[in-house]
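Each chain is listed here by its residues.
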Amino acid sequence: MRVGLSLHGSSLSEQGARFAAQLGVRDVVVHLTNYTRNGDGSGYLAGGVGPINGECIDAPLWSYDYMAGMVAMLARHGLSIAAMENISPNFWSDILLDGPRKLEQMEAMKGLVRDAGRAGIPVIGYNFSLAGVWGWQRKPIARGNAITAVFAADEVDIDSPLPDGMVGNMRYRDAVAGAAAQTADEPTLWARLEWFLNELVPVAEEAGVRLAAHPDDPPVERLRGTARLVNSHAKYDRLLAIAPSPANALEFCVGSLAEMREGDIYETTRRFARSGAIAYVHFRNVRGKVPTYVETFVDDGDVDMAEIVRVLHEEGFDGVLVPDHVPDLDCAAPWHAGHAYTVGYMKALVAHAAALSAARPAAPVRNPAIAAVAR
């Protein structure tokens, strides 16, 4: 079990790689999508509803050379890519929407998976969602009045329609005047996911790549007129059962799962770690559950993060944990300071994982049924 760091935007650079290396990190999760391209997030940063991302219209498919170049750049700093997270919306918009180009896009996705495997990228994290992450507000209510992401359903119009030409909270094409808002009910969305996995998992197996699914955040029933897919712990089982394979895995987000109304986060962690289904972990803490929750510092939420590490250690998890969203520290470099604090806290927990296990008796798994996922 190792502690890593996520790099994206300006941090996915030589400077960001040096920062990761200085923290003693050896594994990184890279985001190749440029979320802010031609976007204006000032309204969200000022307290509006968001996050507000930019556009990926005509963004080129990531080539083998591009991915291999990123692997080589990071290797110069002693870093390895543990996962590549989030698929640019324009790569798979018609897969998500069942549009006319879905077969063409699927062939391109298969090529991307093969090229990622050739480049030495072992995991691709994704979120099968039309609305994506949306509905947060930034408020100074974390410890010490640090600014953090808050979801309060009664303060946001969560039924605000998904704008035409957008999926995953990014614009993948220009809007068509007068076009109806995109929508999908739950059975429709599950049918699209089933097609996606049945097409892509065999290719991922051959390429030595794991496809890792992130749960919904926020995990409400519907958002912007569309159903949500994995908004309960049990729905992770349903996703894995579609294509039982080591290549069909989980981007296990502790914070998103803790935000859900039902389920025991420690039991769920133990169950999926024991089955070998977890590709990597988003190590995030939160206070509250839907319809209202606050993202907190790693040591200041409802989840006992030491217990999460203890459970992962006992179940033999040997993958990577990365910080997820981190409240902004009030200083000249809020992202760097917040992630340095979080990584240090995580490294201390992981270094003492065996001692944590020795200090407490192992809790039994109340639901002994394990998802039928091949190791």
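Please read these numbers as outputs of a predicted model, since none were measured by experiment.

1. Comments concerning the nonpolar core
With 105 residues, the main nonpolar core has L74, M84, Y126, F128, F196 and F283 as its most contacted residues. Top element by residues in this core is helix α6 (residues 186-207). It accounts for 9 residues. Residues within four places of Y126 in sequence aside, it is in contact with I87, W92, L193, F196, L197, L211, A212, A213, H214, L239, N248 and E251. One finds V123, A279, Y280 and V320 within the second-largest nonpolar core, a separate group that totals 10 residues.

2. Thoughts on the pattern of salt bridges
Under the counting rule described, the total for this entry stands at 25 salt bridges. Where K110 meets E107, a salt bridge forms, and the shortest distance between an N and an O atom there is 3.5 Å. Here K110 pairs with E107, and both are found in helix α5 (residues 102-119), just 3 residues apart, close to one helical turn. Shared partners join several salt bridges into a network, and the residues in it are R270, R274, E307, R310, E314 and E315.

3. Some details on the environment of V281
By secondary structure assignment, the location of V281 is in strand β14 (residues 278-283). Assessed through its relative accessible area of 0%, V281 is described here as buried. Residues V281 and P323, 42 residues apart in the sequence, show an inter-C-alpha distance of 8.5 Å. Every residue in contact with V281, bar those within four places of it in the chain, is listed here: F252, V254, L312, F317, V320, L321 and V322.

4. Focus on helix α9 (residues 265-275)
Among the 11 residues that make up α9, 9 are buried, leaving the element largely enclosed by the rest of the structure. Those residues of α9 lying buried are I265, E267, T268, T269, R270, R271, F272, A273 and S275. With a side-chain oxygen positioned 2.9 Å from the backbone nitrogen of Y266, the residue opening α9 is D264. G276 sits one or two positions beyond α9 and adopts a positive phi of about 80°.

5. Quick look at unusual backbone geometry
Of note, the amide linkage connecting G50 to P51 takes the cis form, showing an omega dihedral of 0°. Residue placement: P51 occurs in the loop between α2 (42-45) and α3 (64-75). Here the amide bond leading from V290 into P291 is cis, since omega sits at 20°, within 30 degrees of zero. Relative to the elements of secondary structure, P291 occurs in the loop between β15 (285-289) and β16 (292-296). Within the chain, N169 stands out as a residue other than glycine whose phi angle is a positive 60°. If you trace the backbone, N169 turns up in the loop between β8 (166-167) and β9 (170-171). For N169, a relative accessible area of 5% gives the class buried. With a phi close to 55°, R224 is a non-glycine residue in the positive phi region.

6. Observations regarding the sheet that holds strand β7 (residues 148-152)
Sheet architecture is open: 4 strands sit in the order β6-β7-β16-β15, paired in antiparallel fashion. Here the strands that pair on one side only, and so sit at the sheet edges, are β6 (136-139) and β15. Going across the sheet, the axis of each strand differs from the next one's by a mean of 25°, ignoring polarity. Sheet topology note: the β6/β7 ladder contains 4 bridges and is antiparallel. Each residue of the ladder has a partner; that of K139, found in β7, is T148.

7. Quick word on the sheet that holds strand β3 (residues 27-31)
One open sheet holds the 9 strands; their spatial order is β1-β17-β14-β13-β10-β5-β4-β3-β2, and the pairing between them is parallel. Two strands in the sheet have a free side with no partner beyond their single neighbour: β1 (2-3) and β2 (5-8). Here strand β5 (residues 123-126) runs beside strand β10 (residues 210-213); their pairing, made up of 4 bridges, is parallel. The residue bridging Y126 from the neighbouring strand is A213, located in β10.

8. As for the packing of aromatic side chains
Enumeration over the complete set of coordinates arrives at 12 aromatic pairs. Look at Y236 and F272: their rings are 5.8 Å apart centre to centre, the planes differ by 80°, and that puts the pair in the edge-to-face class. With Y236 in helix α7 (residues 233-242) and F272 in helix α9, the pair connects residues that are 36 residues apart, well separated along the chain. Judged by its relative accessible area of 0%, F272 falls in the buried class. Clustering of aromatic rings is evident, with ring pairs tying together W92, Y126, F128 and F196. Lying over the aromatic face of W195, K102 brings its terminal NZ or CZ to 4.5 Å of the ring centre. Above the ring of F272, the side-chain terminus of R271 is found at 4.6 Å from the ring centroid.

9. What to know about the side chain of D217
Its place among the elements puts D217 in the loop between β10 and β11 (222-223). In terms of polar contacts, D217 uses its side chain to reach the side chain of R284, at 3.1 Å. With sequence-adjacent residues up to four places away left out, D217 is seen in contact with G132, V133, W134, W136, R228, S256, E259, R284, Y293, E295 and H325.

Calculation notes
- Residues numbered from 1 in each chain as written.
- Predicted model: local features only at pLDDT ≥ 70, side-chain atom pairs only at ≥ 80, totals over all residues.
- Heavy atoms only, no water.
- Core = buried A, V, L, I, M, F, W, Y, C linked by side-chain atoms within 4.5 Å.
- Buried < 20%, exposed > 50% of the residue type's maximum accessible area, 1.4 Å probe, protein only.
- Helix = DSSP H or I, 4+ residues; strand = E, 2+ residues; numbered from the N terminus.
- Contact = heavy atoms within 4.5 Å.
- Salt bridge = Lys/Arg side-chain N within 4 Å of Asp/Glu carboxyl O.
- Polar contact = N/O pair within 3.5 Å; in protein donor to acceptor, adjacent residues only side chain to side chain.
- Pairing = 2+ DSSP bridges.
- Axes fitted to C-alpha atoms, helices over the stretch in contact; angles between N-to-C directions.
- Phe/Tyr/Trp six-rings, centres within 6.5 Å; stacked < 30°, edge-to-face > 60°.
- Lys NZ or Arg CZ within 6 Å of the ring centre and 35° of its normal.

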